[in-house]
Each structure stands twice: as structure tokens, then as C-alpha cells.
Amino acid sequence: MGVLSYLFKSSGTQDEGAGRRTDKKAAMPPLSLKLSINVFLRSGRHLFDGRIADFSDGELSIERLPGQLSLELCEPGDELRVRGLAANGKPYELMGVVVQSSRVFCKLEKVEMVMHSENRSNFRLPLECDISVYAESDTKLAQPELCRLVNISVGGACFQSEYVHGLGEVLRMEIRVAKYAPMVFLGQVIRANEFTSGIFRYGFLFAQLGDQETDALNKILFNIQVGNRREWQQRNSDGWG
């Protein structure tokens, strides 16, 4: 299947995935405490981002990220899905049942690994930085359009731009992050809306990455997240400010 065929076929699929529990129990991943996670309803609607405060005996506690105001309230009995990157840099997805929920804390029980047909989840890392977007035909990356990255996963990215792009438009995206080699992705615009006056926000689906590319990108996202946490700790080591 060609790249464009894959892209256009994928534009109508559920980006959030359709993970389900199976009779086969998967081993729990080595969870990283204090690192960012994405939390969804089982239906796929994104609820909030947070971080793991504690995990033991099938119970998972979630708390706010530094600077985060509050968590969205859940009802006891709600089934939630949790995505993140494990200590080995591999993505994981868990499912559990809400037993406690407040604006600052959420506790799940009966937490299990979710099995996927591809055994892969797309953890989205909030990552704001300047990026360049190019027309599909600009293979030499000669005419950049300066944009702003919002978040990224191995499946795609969200970015903001003052330029107008149509649904289905194929672009090239170049991301430069300090200490890492530039990353260039071919992909397709699958969502578009006006974020603020004159600024548009786009959902960008990457062309299918190979296994080695996927593993490499997951490791980069994990390392960036660990680095962001260390920087925050250093800035706040002396207290408020």
C-alpha cells in the first residue's frame, strides 16, 4: 500500500484507538512515577493529563502535573484509559475503574494492561516549540512555513499556524528539538479549526512509521519528558518563583 493510500484510508479511523480488554493478561509495564500521562474515557474522549502518584496491587493514583489547576471530575464506576511511556521508553495503555475522584486526585482500581491488535498506544506529549511545515512537493525543504507545535505522538502531532490548510492536505513537517537530530515527517491534515482569531490549529497524521522509527521516536519523547521534569525540579528547587 502506498503512503498516500495509507494516509487517506487512515483519515477516517479512530485516532484514539479502540483498545479492549482480552482474556489474555499482559504483564504490567515498568511504570514511571511523576511523568505525564493522558487520561481518556473508554469511549475515547480525552479527559485530562496528569501524572502517576502511586501504583500497587491493581490500584493506580493520579495527581495533577506541576502548574495544573485541576482534574476533570469522574463518576465512581467510570472506566478510564491511561496512556504513557514506561521506564523503558515503551508506550503503554491501561484501563481501570474510578473509585475516587476530586479536582486534585483520581484513584482507579482493577487496573489492567490493554491489549491492542498492534500492541501499540499513542501517548501524546505536550511539547511547545517552533517547527517548520512544507508543501508535499518541497522535498528539499526550501520554503518553510513557521508554525508552533502543541503536542506529538508516534501517530501524529497537533500544531498551530496562521496559514490556512485544508482537510486531506499532505505536508512535510520538520521538528527540531535541542540535543536531537532534526525529524522530518510526511503526513496529512485530518482536523482543522480556528483556535483564536487568525490562528488555526491542525491535527496532523503521520505516514506509517516503521518499527525502528517508532521505537526511536518513543525513546526521544521519553527522554524529552524526563528532561522537562528535571528542568522543572531545578527551577523550583529553591521554592516558589
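See above for the structure.
## Overview of the sheet that holds strand 10 (residues 170-175)
Reading around the barrel, the 6 strands line up as 7-8-9-12-11-10 and close back on themselves, with antiparallel pairing between neighbours. With direction set aside, neighbouring strand axes in the sheet form an average angle of 45°. Relative to strand 12 (residues 199-206), strand 9 (residues 156-161) runs antiparallel, the two sharing 6 bridges. Across the sheet, Gln160 pairs through a bridge with Arg201, a residue of strand 12.

## Overview of the sheet that holds strand 5 (residues 91-101)
With respect to topology, 6 strands assemble into a closed barrel ordered 1-2-3-6-5-4, the strand pairing being antiparallel. The sheet shows a mean angle of 45° between the axes of neighbouring strands, taken without regard to direction.

## Some thoughts on the packing of aromatic side chains
Tallying each qualifying case throughout the model produces 5 aromatic pairs. Taking the centre distance of 6.1 Å and the plane angle of 80° together, the rings of Phe159 and Phe204 count as edge-to-face. Of the two residues, Phe159 is situated in strand 9 and Phe204 in strand 12; the sequence distance between them amounts to 45 residues. This pair shows no difference in class: Phe159 is buried, exactly as Phe204 is. The cationic tip of Arg83 hangs over the ring face of Phe40; the distance from NZ or CZ to the ring centre is 4.8 Å.

## Notes on the pattern of salt bridges
If you walk through the whole model with that rule in mind, you get 8 salt bridges. Of the charged contacts, one joins Glu72 and Arg45 as a salt bridge, the two residues approaching to 3.3 Å between their closest N and O atoms. Here Arg45 lies in the loop between strand 1 (36-41) and strand 2 (46-56) and Glu72 lies in the loop between strand 3 (59-63) and strand 4 (79-85), a separation of 27 residues in the sequence. Glu93 is paired through a salt bridge with Arg83; the nearest N and O atoms lie 3.2 Å apart. A residue pair is termed long-range when its members are at least 10 positions apart, and Glu93 in strand 5 and Arg83 in strand 4 qualify at 10 residues. With a relative accessible area of 3%, Arg83 lands in the buried category. Counted as one network, the salt bridges with shared partners bring together Arg81, Arg83 and Glu93.

## Here's the deal with the nonpolar core
The biggest cluster of nonpolar side chains holds 31 residues, and the ones touching the most others in it are Ile131, Phe159 and Ile175. At 6 residues, helix 2 (residues 211-235) tops the list of elements feeding residues into this core. Excluding residues within four positions of it along the chain, Ile175 makes contact with Ile131, Leu149, Ile152, Pro182, Met183 and Phe185. Grouped together as the second largest cluster of nonpolar side chains are 21 residues, Val39, Leu80, Ala86 and Tyr92 included.

## So, the pairing of strand 10
Along strand 10, 5 of the 6 residues are buried, which leaves the element largely enclosed by surrounding structure. Bridging between strand 7 (residues 125-135) and strand 10 involves 5 bridges; their strand directions are antiparallel. Across the sheet, residue Val133 finds its bridge partner in strand 10, namely Met173. The sheet contact formed by strand 10 and strand 11 (residues 183-196) spans 6 bridges and is antiparallel. Counted as the bridge partner of Val170 is Gln188 from strand 11.

Calculation rules
Residues numbered from 1 in each chain as written. Predicted model: local features only at pLDDT ≥ 70, side-chain atom pairs only at ≥ 80, totals over all residues. Heavy atoms only, no water. Pairing = 2+ DSSP bridges. Helix = DSSP H or I, 4+ residues; strand = E, 2+ residues; numbered from the N terminus. Axes fitted to C-alpha atoms, helices over the stretch in contact; angles between N-to-C directions. Phe/Tyr/Trp six-rings, centres within 6.5 Å; stacked < 30°, edge-to-face > 60°. Buried < 20%, exposed > 50% of the residue type's maximum accessible area, 1.4 Å probe, protein only. Lys NZ or Arg CZ within 6 Å of the ring centre and 35° of its normal. Salt bridge = Lys/Arg side-chain N within 4 Å of Asp/Glu carboxyl O. Core = buried A, V, L, I, M, F, W, Y, C linked by side-chain atoms within 4.5 Å. Contact = heavy atoms within 4.5 Å.

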